[in-house]
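Breakdown of the fold
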Amino acid sequence: MSIFVDENTKVVYQGLTGSQGRFYGLLNREYGTQVVAGTNPKKAGTDVEGIPVYATVADAVEATGATASCIFIPAPGVKDAVIEAAEGGVKFIVAITEGVPAQDEAWFFNKLQRDFPDVQLLGPNCPGIISPGKCNIGITAGHIAKPPVEGEPSVGIVSRSGTLTYQALYELKLNDIAVSTCVGIGGDPVPGTSFIDCLKAFEADDQTDAVMMFGEIGGSAEEEAAEFISNEMSKPVVSYIAGVTAPAGKKMGHAGAIVSGGKGTAAAKMDALRAAGVHVGNNPTEASQLMVEVVNGLKK
Amino acid sequence: MDLFEYQGKQFFASFGIPVSAGDAVTTVDDAVAVADRIGYPVVVKAQVQVGGRGKAGGIKLADDADEVRTHAGNILGMDIKGHTVEILWIETASDIAEEYYASFTLDRSAKKHLGMLSAEGGVEIEAVAESNPDAIAKIWVDPVDGLTEAQALEWVAAAKLNPEATEGAVDILQKLYTAYVDGDADLVEINPLIFTPDGRVHALDAKVTLDANSVFRHPDYEQYEATQVRDERETEAFEKGLQYVGLEGSVGVIANGAGLAMSTVDIVNQVGGKPANFLDIGGGANADVMAGALEVITNDPNVRSIFINIFGGITKGEEVANGIVTAMGRVQIDVPIVVRLDGTNAEQGREILEPHLSDKLLMEPTMVAAAERVVALAKN
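Please read all numbers here as calculations on a predicted model, not as lab measurements. (Residues numbered from 1 in each chain as written. Chains lettered and ligands numbered in written order. Predicted model: local features only at pLDDT ≥ 70, side-chain atom pairs only at ≥ 80, totals over all residues. Heavy atoms only, no water.)

Attention now goes to the UniProt feature "binding site: Mg(2+)" (unreviewed entry) in chain B. Residues and elements named next belong to chain B. What UniProt calls "binding site: Mg(2+)" (unreviewed entry) maps, in this numbering, to Asn191 and Asp205. With respect to the secondary-structure elements, Asn191 resides in strand E10 (residues 185–195). Relative accessible area serves as the criterion here: at 16%, Asn191 is assigned to the buried category. Ignoring anything within four residues of it in the chain, the contact list for Asn191 reads Tyr100, Tyr101, Gly121, Gly122, Val123 and Asp205. At 2.7 Å, the side chain of Asn191 forms a polar contact with the backbone nitrogen of Gly122. Its location among the elements puts Asp205 in the loop between strand E11 (201–203) and strand E12 (207–210). On the basis of relative accessibility, which here comes to 16%, the residue Asp205 falls in the buried class. (UniProt positions renumbered as here; feature names shortened; annotations may be inferred. Helix = DSSP H or I, 4+ residues; strand = E, 2+ residues; numbered from the N terminus. Buried < 20%, exposed > 50% of the residue type's maximum accessible area, 1.4 Å probe, protein only. Contact = heavy atoms within 4.5 Å. Polar contact = N/O pair within 3.5 Å; in protein donor to acceptor, adjacent residues only side chain to side chain.)

Further remarks concern the pattern of salt bridges. Two side chains that carry opposite charge are able to pair once their charged atoms sit near each other. Under the defined criterion, the tally for this structure stands at 28 salt bridges over all chains. One salt bridge connects A:Glu222 with A:Lys269, and the closest N-O pair in it is separated by 2.7 Å. With A:Glu222 in helix H7 (residues 221–232) and A:Lys269 in helix H8 (residues 266–275), this residue pair connects regions lying 47 residues apart in the sequence. The salt bridge involving B:Asp184 is made with B:Arg217; its shortest N-O contact spans 3.0 Å. Here B:Asp184, found in the loop between helix H6 (166–182) and E10, pairs with B:Arg217, found in the loop between E12 and helix H7 (222–225); they are 33 residues apart in sequence, far enough to count as distant. The buried category is assigned to B:Asp184, whose relative accessible area is 2%. Take B:Arg217: its relative accessible area is 34%, and that puts it in the partly exposed class. Three or more residues are tied together by salt bridges with common partners; here these are B:Glu5, B:Lys9, B:Lys45, B:Arg53, B:Glu91 and B:Asp205. (Salt bridge = Lys/Arg side-chain N within 4 Å of Asp/Glu carboxyl O.)

The positions UniProt marks with the feature "domain: ATP-grasp" (unreviewed entry) are residues 9–54 of chain B. The distance from the first to the last C-alpha atom of residues 9–54 of chain B is 18 Å, and the span holds 37% helix and 20% strand.

Another point: the UniProt feature "binding site: CoA" (unreviewed entry) in chain A. Residue and element names in this part refer to chain A. In the numbering used here, UniProt assigns the feature "binding site: CoA" (unreviewed entry) to Thr17, Gly18, Ser19, Gln20, Lys43, Ile96, Thr97 and Glu98. With a sequence span of 82 residues, these residues are also far apart in the fold, their greatest C-alpha distance being 24.2 Å. Inspection of the secondary structure assignment puts Ser19 in helix H1 (residues 19–31). Mapped onto the elements, Lys43 comes out in the loop between strand E2 (34–39) and strand E3 (47–48).

Glancing now at unusual backbone geometry. The omega torsion of the bond from B:Tyr40 to B:Pro41 falls at -5°, within 30 degrees of zero and hence cis. Mapping B:Pro41 onto the fold places it in the loop between helix H2 (28–38) and strand E2 (42–46). With an omega dihedral of 10°, the bond running from B:Asn191 to B:Pro192 counts as a cis peptide bond. Looking at the secondary structure, you find B:Pro192 in strand E10. Positive phi is not limited to glycine here, since A:Phe4 has a value of about 65°. Within the secondary structure layout, A:Phe4 lies in the segment before strand E1 (10–14). The phi angle at B:Lys160 is positive, at roughly 55°, despite the residue not being glycine. Note that B:Lys160 resides in the loop between helix H5 (149–158) and H6.

With 55 residues of chain A in contact, the opposing surface of chain B contributes 48 residues. For the pairing of chain A and chain B, the buried interface totals around 4000 Å² over both sides, and the portion due to carbon and sulfur atoms is 58%. Summed over the shared surface of chain A and chain B, the result is 3 salt bridges. The closest approach of N and O atoms between A:Arg114 and B:Asp142, which form a salt bridge, is 2.9 Å. Counting the contacts that link chain A with chain B gives 21 residue pairs in polar contact (both at pLDDT 80 or more). Those elements that provide at least two residues to the side of chain A that touches chain B are H1, helix H4 (102–115), helix H5 (162–174), strand E13 (237–242) and helix H9 (284–299) of chain A. (Buried area = accessible area lost by both parts, 1.4 Å probe.)

For the rest of this paragraph, the subject is the pairing of E2(B). Residues and elements named next belong to chain B. Of all 5 residues in E2, 5 are buried; the element is thus mostly enclosed. Looking at chain direction, E2 and strand E6 (residues 88–92) are connected through 5 bridges and run antiparallel. Looking across to E6, one finds that Lys45 is bridged to Trp89. (Pairing = 2+ DSSP bridges.)

So, on to the environment of B:Ala291. When you line up the elements, B:Ala291 lands in helix H10 (residues 287–298). Ignoring anything within four residues of it in the chain, the contact list for B:Ala291 reads B:Ala327, B:Arg330 and B:Val331.

With that settled, consider the sheet that holds strand E5 (residues 68–71) of chain A. Whether parallel or antiparallel, the strands of a sheet pair through hydrogen bonds between backbone atoms. All names here are of chain A. Pairing within the open sheet is mixed, and its 7 strands lie in the order E3-E4-E2-E1-E5-E6-E7. Two strands lie at the open edges of the sheet, namely E3 and strand E7 (120–122), each paired on one side alone. Relative to E5, E1 runs parallel, the two sharing 4 bridges. In the sheet register, Val12 faces E5, and the bridge partner there is Ser69. Against the sheet, H1 contacts E1, E2, E3 and strand E4 (51–54), and its axis sits at roughly 160° relative to E2. (Axes fitted to C-alpha atoms, helices over the stretch in contact; angles between N-to-C directions.)

With that settled, consider the pairing of strand E9 (residues 135–138) of chain A. Residues and elements named next belong to chain A. Here 4 bridges tie strand E8 (residues 128–131) to E9, and the two strands are oriented antiparallel to one another. Its bridge partner being in E9, Gly128 is matched across the sheet by Gly138. If you look at the hairpin formed by E8 and E9, you'll find 3 residues sitting between the two strands, and Gly133 has a positive phi there, around 85°.

Turning to the domain arrangement of chain A, a few remarks are in order. Residue and element names in this part refer to chain A. Its domain assignment divides chain A into domain 1 (10–122) and domain 2 (141–299). Using C-alpha coordinates to define each centre, domain 1 is positioned 27 Å away from domain 2. When domain 1 packs against domain 2, close to 810 Å² is buried across both sides, 57% of that on carbon and sulfur atoms. The largest contributions to the domain 1 side of the interface with domain 2 come from Glu105, Phe109 and Leu122, which together make up 54% of the buried area. Counting across the domain 1 and domain 2 interface gives 0 salt bridges. (Domains from an automatic or database assignment.)

Quick look at the packing of aromatic side chains now. Taken as a whole and judged by the stated rule, the model has 15 aromatic pairs over all chains. Aromatic side chains A:Tyr13 and A:Phe72 sit 6.5 Å apart centroid to centroid with 10° between the ring planes, which places their arrangement in the stacked category. Of this pair, A:Tyr13 sits in strand E1 while A:Phe72 sits in the loop between E5 and helix H3 (78–88); the two residues are 59 residues apart in sequence, bridging distant segments of the chain. Ring geometry for B:Phe11 and B:Phe12: centres 6.2 Å apart, planes at 45°, overall tilted. For the pair B:Phe11 and B:Phe12, a shared accessibility class is recorded, and that class is buried. An aromatic cluster of three or more residues is present, and its members are A:Tyr13, A:Phe23, A:Tyr24 and A:Phe72. (Phe/Tyr/Trp six-rings, centres within 6.5 Å; stacked < 30°, edge-to-face > 60°.)

Structure below.
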């Protein structure tokens, strides 16, 4: 198995006819993802290298049976695109777009929870999700991840940062460790999918044997995840928190990555994770080495 | 984007929130002219984006033009916690019966908007939160529903404001919520929110942080970018469209992606070095972007060595390598550069860099090895 997506996931790309949507949509298809449709109200009836374009997500779902959507719409349109996807009938929405206003994020997160409780949103401002060998939705380069192998342990990855997600995938591949699913939840203030959503799914997933969690300074998502791990998780977790040495009060790239008033420091997050039994590395390489040890332990 | 008090008050006023009459000035003569126009007594307030202005002598009451002249002259140019005062806000003085506190921000854990209201305003709210947390009434507002009048009434009652202030407070809080949501703010704060002896509720200060991602809805917000407080290096990087944070050390850091950049800063520190900056070149690491990044970094005289840490996801290794080679031909660089290049097409990238390697351009296979090398070079 894998979490949230698998080889049966059929994806409609909102914004397939734009340059980004087209580039990644085709790349995802090349990886093996079932890219079944695109949407663009002005270009309904056309196609992008054989992928049919419909006016709306609802039309695409009706015609193709799409179960997930991937949003490559510019930031001003993301609020409407998320709601269109939910109303259109898909159950999993991946919003890649960065620069979405926080007020929009807070609004559509709550709107989905209330009116579409069975719809899960990933992002916005995230690299997407990949279940190696099965499905890749978003901007992750598929070849840096090793697909699961029967009889060998697989690791689930969840990360707030895009490039660190790639770093994690790559280091695990160098160490010949397979990945069940890798979820980039994004560094925005209100991510549609949280660490806990992923940890819960990994705990329930019979193909995932251990979990790698990459967090960063700011907010309290890692502390909340630590509490969940402590209470609910039986699988080993390895973690790294970016921004260990970030100065207080400076916004470090991501909207969420800021240490304010002594809250949200990496040290506090690492302490909380260690107390929950998590193996914590001081940098991505150290964390990957810790995961190698964990996986070697599982093999015995 | 952080606003100065005067900008915050103009922002509030545009949503109907009562603020004192006043104007922003940059000279003593203009300060007197504004005071003459709005009527005495007036308050002369230093405009800096840092707390504790009053204690530092940056807020003074003036009863006549001579006092305005004296205070304005003293405060202009004053240093408050490292911020030089270049702008003054002159406003009519208010009679104060009571001082309150009100704010809205996003509670990321609850994923709802958090409103905070306290009858103990005018002081640092963090201190109140520590010494007497019960003095702050909190409300969580669902972004879909918004703040209703009934909720606001209940909230004001819970904060135990003077009952006579209830009507005015409810009105201001609803307008403040509208300003926060429709104005795309990350934070709106009034401290103090005052109750006057004649029964009015009024914003005496304004702290506003706007969401830079919302400029497409508010083209007028571009004006605020120009008044953001940045150091010289940050200004230069901003103009080149780079994500840059100035730090105090001697190792220049260039990475793609905020997470990797933060990680690079971590590793440099962990192997005994001190980063001079945090520079995220984002997704497209072409020659122009790389040259711009190297320019910003080499203009910092503290930089003794440079760490370029790239993980190609969709960004391809050969493009990064070509970018580095081209940039080095274009920008005069006197300090050594250590490159770590991994991910998509990294091998092709390394092949491109190979013939250019020297004691000024070095390559290491891992983040840790590269960090150790670049830190050693910074110490030479």
